[in-house]
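Listed here are the chains, written in short residue letters.
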Amino acid sequence: WFVCHLLAHLPELWTTHNESLAEYRRLHGLRSATHPVPDLSREGEWLEAPLWVWTSGDPRRRRLFARHGAREIVVSDRRQFSARLPMTSDKNGPCAVEALRDVAASGARIRTRALFTTLFARLVLSDLFLHGIGGATYDRLTDVIACRLLGVHPPPFLTLTATLHLPIERNREEAVPSVREIDAELRRLTWQPERFLSERTGAAPSDEARELAAEKKRWIATVLTAENYRRRFLAIRSLNERLGAHIAARRALLEGQRETAARRQRNETLLASREYSFCLFPEKILRDFLLEKLPANV
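Residues numbered from 1 in each chain as written. Predicted model: local features only at pLDDT ≥ 70, side-chain atom pairs only at ≥ 80, totals over all residues. Heavy atoms only, no water.

*Asks:* Mind showing me how you'd approach the overall build of the protein here?
*Replies:* In terms of regular secondary structure, the protein is built from ten helices and eight strands. Dimensions of the protein, computed from the C-alpha atoms along their principal axes, are close to 95 × 60 × 40 Å. Every one of the 298 residues in the protein was classed for burial, and the buried ones make up 32%. When contacts within the protein are restricted to residue pairs at least 6 apart in sequence, long-range pairs at least 24 apart make up 58% of them. (Helix = DSSP H or I, 4+ residues; strand = E, 2+ residues; numbered from the N terminus. Buried < 20%, exposed > 50% of the residue type's maximum accessible area, 1.4 Å probe, protein only. Contact = heavy atoms within 4.5 Å.)

*Asks:* What is the right way to look at unusual backbone geometry in this model?
*Replies:* Glycine aside, residues mostly have negative phi angles, and peptide bonds mostly take the trans form. A cis amide bond links His35 with the next residue in sequence, Pro36, at an omega value of -5 degrees. Not every positive phi belongs to a glycine, and Arg78 is a case in point at roughly 65 degrees. In this fold, Arg78 is placed in the loop between strand 4 (72-76) and strand 5 (82-86). A residue is classified by how much of its surface remains accessible, and Arg78, at 38% relative accessible area, is partly exposed.

*Asks:* Looking at this model, I keep getting lost on helix 2 (residues 10-28). Mind explaining?
*Replies:* An α-helix turns once every 3.6 residues. As a result, residues three or four positions apart point the same way. An ideal rise of 1.5 Å per residue puts 27 Å on 19 residues; helix 2 measures up with 26 Å between its terminal C-alpha atoms. Leu10, Leu13, Trp14, Thr16, His17, Asn18, Ser20, Leu21, Tyr24 and Arg25 are the residues of helix 2 that are buried. Where helix 2 is buried, its residues contact helix 1 (2-8), strand 1 (42-43), strand 2 (46-55), strand 3 (62-68), helix 4 (114-125) and helix 5 (133-150). Just downstream of helix 2 lies Gly29, where phi reads positive at about 65 degrees. (Expected span 1.5 Å × (residues − 1).)

*Asks:* I tried to follow the pattern of salt bridges on my own but got confused; where do I start?
*Replies:* Proximity of charged atoms lets side chains of opposite charge pair with each other. Inspection of the entire model under this criterion finds 21 salt bridges. The closest approach of N and O atoms between Glu48 and Arg63, which form a salt bridge, is 3.4 Å. With Glu48 in strand 2 and Arg63 in strand 3, this residue pair connects regions lying 15 residues apart in the sequence. Residue class for Glu48 comes out buried when judged on its relative accessible area of 2%. The exposure class of Arg63 is partly exposed, given its relative accessible area of 35%. A salt bridge links Arg287 to Glu283; its shortest N-O distance comes to 2.8 Å. Residue Arg287 and its partner Glu283 are located together in helix 10 (residues 283-293), separated by four residues, close to a single helical turn. (Salt bridge = Lys/Arg side-chain N within 4 Å of Asp/Glu carboxyl O.)

*Asks:* Hey, could you run me through the side chain of His131 in this one?
*Replies:* With respect to the helices and strands, His131 occurs in strand 7 (residues 129-131). The residues contacting His131, other than those within four sequence positions of it, are Thr118, Ala136, Tyr138, Asp139, Phe157, Leu158, Thr159 and Leu160.

*Asks:* Any chance you could explain helix 4 here in plain terms?
*Replies:* Given a rise of 1.5 Å per residue, twelve residues ought to cover 16 Å, and the 15 Å separating the end C-alpha atoms of helix 4 matches this to within 8%. Those residues of helix 4 that sit buried are Leu115, Phe116, Thr118, Leu119, Ala121 and Arg122.

*Asks:* What is the right way to read the environment of Trp52 from this model?
*Replies:* Within the fold, Trp52 resides in strand 2. Along the backbone, Trp52 and Arg111 are 59 residues apart, and their C-alpha atoms lie at a distance of 5.2 Å. Beyond its immediate sequence surroundings of up to four residues, Trp52 is in contact with Arg61, Arg62, Arg63, Arg109, Ile110, Arg111, Thr112 and Arg113.

*Asks:* Would you mind going over the side chain of His17 with me for this structure?
*Replies:* Structurally, the position occupied by His17 is in helix 2. Take His17: its relative accessible area is 3%, and that puts it in the buried class. With residues up to four places along the chain from it excluded, the contact list for His17 reads Val37, Pro38, Asp39, Leu40, Phe116 and Ile145.

*Asks:* What is the right way to look at the pairing of strand 5 in this model?
*Replies:* Every regular strand shows the same layout, with side chains that alternate between the two sheet faces. Of the two faces of strand 5, the one lined by Ala83 and Leu85 is fully buried and the one lined by Ser82, Arg84 and Pro86 carries no buried residue. Sheet topology note: the strand 4/strand 5 ladder contains five bridges and is antiparallel. Paired with Glu72 across the strands is Pro86, a residue of strand 5. (Pairing = 2+ DSSP bridges.)

Encoded structure:
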C-alpha cells in the first residue's frame, strides 16, 4: 500500500523531493549532487521513484522508473524489468496492490530506498525512531517531504551514537614501526642511499660505494643550469640506483617489515571497526554497556 501510494502520487512526490532537497543543500551549504541523497531523475516521460528493483534472475538492485497512463502506471528499470499496475482515476490503489503482489510472486522485488524506508518506519511502526548520526542528517529532509507531500508531521526521532568494539583480543604492538614510518624510510633509501652505507649497517662502505657517494656529492654541488639540468638529473638518478645495490639487504628487511605492519594494520582496522551489528555482541556486554551509559533517572 505504501509503495503504491508513492507510485500513484509520483509526479507530486518527484517535484517535492527535488525541491526540498535543493532547499536543504542551500540551507546547509552542500555542493555535492549526491548528499544527503541524489536527486530523482527524469528520462522523457519516465520519472525516477525513490525505489529499488531487482529480480531473482539478476539480483543487482537498480533504480525504478514509472510512467503514468490514463488507467495504469508502468514501472520499469529501463532495461529488462517491466510491470503494469492498474490505477483508478482518484489514485486509489487496491487494484495496484494486488498487481504488485503478483509482481513479487514472479520473482521481482521492489523496495524503498533508505530515506523512504525510514519515513515508513516513523509513520507506521513507531512513535519514536532511534537514529545514528548519518541517518539523523538526512531525516531532516524526511520531515520536510512528509509535511509537504502528506500533510503530516512524522513522530520525532532521537539521535544517539556509541562505540563498542567486539570483545576480541587484539595484538597492539606499539613498538613495531608503522606502515607510514617504513614507507618514509624506504623513500630515504631510494633518494638518499649514501646515508645508509654505514649509518644503519655498522660496517664500513666499500671503495666502490664511497666513490659513488663522492660522485653524487659532486653532482649535487654542481650549479644547476639550463644546459646541464637533464644530464645532472640523470646522473644523480643513476648513482642512486647503483648505490641502492649496496644497501639491498636493508631494503629487503624493510619491505618484509612493511608487509608485516600492513597485515597488522589491516587486522587492527577490521577488529577496531564500530560497524559490526549488535547481534554479534554477547548480551551481557551490550546490557552492561547500555545501562552504564544511560542517565541515572532513565
